[in-house]
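Reading the structure
So you can see what is in the structure, the chains are spelled out below.
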Amino acid sequence: MSQRLLPLLLVLLTSTGAAGDTFLFAQEGAEVTLSCDSRAPDQASCEGTAWLGDKDGGIETLAEHKTVKVDVDRLSLAPDCSLVIKKMGAGDARRYTCRQFDGPRPYTDADTFLSMVSLTRSMTQGDMTLTCKVIRPGFCPEKVQWLYQGQTITKDHPQLKTSSTTCGDAAVQFPLASFLERHFLTCEVSHRDTVKRFPFQAAVTSPLVTTASSPSSSSEAAPRGSSVVDYLVLTLRVAEVLLVTMVTVLLIKALRKRGSHDHSSRRRNTEGDGDEDVKYEN
């Protein structure tokens, strides 16, 4: 093999992973367990097991000889030598190697490519946008898409509009009046034999971001893609909330006024009774 082709081949193997590699996708903040596939089934101890992680172009030793070396508050070893990561974050999205020193060979490696999935939402006037972002260690997932009721959203869907980037991001937009808190949307991430679904309503990882609309969009009579009936339903709900608020305020004022009137009446009656007790003698 040419010496010029060797570095390129190494880069490709690192970026895409070998045939026996494992690909995992976990949501931000979740607890993740990485299994050590190179560990012998009859191995009773983790003395000969080490966990390595890619970091800044090099390799970092995470655990060896049954001891965690870094980030001890979040990383731990399970009895079967699996690496447990608490509160998954963007920095945890990288390649992990379980290196096993027990056996006929000097050591055997098993690589796991861990990616983090982040679900966010934003809102413009009348529209909600959900974004599924995959932070991955040097490879592109084969597919990232939004599902509606477990099915792929078609391009001609009357209200759900989808978009995606070439590597790792997918978004779906819909009228707020039609779908908010009434339908179930799921982000599906797949690569090779790994398929993972992340329901958006199960956990929203970021607060709602409201984006100011442009003057042209503010003049629209109803949200894009929504029906007149849906828009009227939203308007009636807002009016209902305002009406209940007004009635509550008026009731509180009436009760306060009545209480003040009763207090004044009792005071006048007390003063009148005191005047009848006064006697005059000639």
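Keep in mind that what you see is a predicted model, and the values were worked out from it rather than measured.

**Looking at the overall build of the protein**
Helix and strand counts for the protein stand at 4 helices and 17 strands. By residue count, 34% of the 282 residues in the protein fall in the buried class. Of the contacts made within the protein by residues no fewer than 6 positions apart, 61% connect residues no fewer than 24 positions apart. Approximately 18200 Å² of the protein is accessible, and the part contributed by carbon and sulfur atoms is 56%.

**Remarks on the pairing of strand E8 (residues 95-100)**
In terms of burial, E8 is a largely internal element, 6 of the 6 residues being buried. Of the two faces of E8, the one carrying Arg95, Thr97 and Arg99 and the one carrying Tyr96, Cys98 and Gln100 are both buried. When strand E3 (residues 49-55) meets E8, the two strands line up antiparallel, connected through 5 bridges. Among the inter-strand pairings, glycine 53 is bridged to a residue of E8, identified as tyrosine 96.

**Let's talk about the state of the cysteines**
All told, the structure shown has 4 disulfides when counted by the stated rule. Residue pairing for cysteine 36: its cysteine sulfur links by disulfide to cysteine 98, the two sulfurs lying 1.7 Å apart. When the S-S torsion is -75°, as for the bridge of cysteine 36 with cysteine 98, the disulfide is left-handed. Of this pair, cysteine 36 sits in the loop between strand E2 (32-34) and E3 while cysteine 98 is found in strand E8, placing the two residues 62 residues apart along the sequence. The class of cysteine 36 is buried, set by a relative accessible area of 10%.

**Section: the confidence of the model for the protein**
Scored by pLDDT, the protein comes out at a mean of 76, with 67% of its residues at no less than 70. Ranking the elements of the protein by mean pLDDT puts helix H1 (residues 5-16) last, at 35, and strand E7 (residues 83-85) first, at 97. Confidence drops under pLDDT 50 across residues 202-206; counting only partners more than four residues distant or on other chains, this segment forms 11 contacts. Here residues 213-229 scores under 50 on pLDDT; set against residues more than four positions off or in separate chains, the count is 20 contacts.

**Remarks on the environment of glutamine 100**
Topologically, glutamine 100 is positioned in strand E8. Only 2.7 Å separates the side chain of glutamine 100 from the side chain of threonine 49, close enough to count as a polar contact.

**Examining the nonpolar core**
Generally speaking, soluble globular proteins have nonpolar side chains that are buried together. Of all hydrophobic cores here, the largest spans 25 residues; its most connected members are Val117, Leu119, Leu130, Cys132, Trp146, Leu185 and Val189. Not counting residues up to four positions away in its chain, the partners in contact with valine 117 are Phe25, Ala26, Gln27, Glu28, Cys132, Lys133, Val134, Val189 and Phe198.

**Thoughts on the environment of lysine 143**
In this fold, lysine 143 is placed in strand E11 (residues 143-148). Lysine 143 sits in the partly exposed class, given a relative accessible area of 42%. Spatially, the C-alpha atoms of lysine 143 and arginine 192 are 9.6 Å apart, while their sequence positions differ by 49 residues. Contact partners of lysine 143, with chain neighbours within four places excluded, come to Glu188, Val189 and Ser190.

**Brief notes about the sheet that holds E11**
One open sheet holds the 4 strands; their spatial order is E12-E11-E15-E16, and the pairing between them is antiparallel. Each of the sheet's edge strands pairs with one partner strand only, and the pair in question is strand E12 (151-152) and strand E16 (194-199). When E11 meets E12, the two strands line up antiparallel, connected through 2 bridges. If you follow tyrosine 148 over to E12, its bridge partner there is glutamine 151.

**What to know about the packing of aromatic side chains**
Counting across every chain of the model gives 6 aromatic pairs. A connected cluster of aromatic rings, assembled from ring pairs, spans Phe23, Phe25, Phe113 and Phe139. Above the plane of the ring of tyrosine 107 lies arginine 99, whose end atom (NZ or CZ) is 4.2 Å from the centre.

Reading guide: rules and limits
- Residues numbered from 1 in each chain as written.
- Predicted model: local features only at pLDDT ≥ 70, side-chain atom pairs only at ≥ 80, totals over all residues.
- Heavy atoms only, no water.
- Helix = DSSP H or I, 4+ residues; strand = E, 2+ residues; numbered from the N terminus.
- Buried < 20%, exposed > 50% of the residue type's maximum accessible area, 1.4 Å probe, protein only.
- Contact = heavy atoms within 4.5 Å.
- Areas by Shrake-Rupley, 256 points an atom, 1.4 Å probe, with all protein chains shown as cover.
- Pairing = 2+ DSSP bridges.
- Disulfide = S-S within 2.5 Å.
- pLDDT = per-residue confidence, 0-100.
- Polar contact = N/O pair within 3.5 Å; in protein donor to acceptor, adjacent residues only side chain to side chain.
- Core = buried A, V, L, I, M, F, W, Y, C linked by side-chain atoms within 4.5 Å.
- Phe/Tyr/Trp six-rings, centres within 6.5 Å; stacked < 30°, edge-to-face > 60°.
- Lys NZ or Arg CZ within 6 Å of the ring centre and 35° of its normal.

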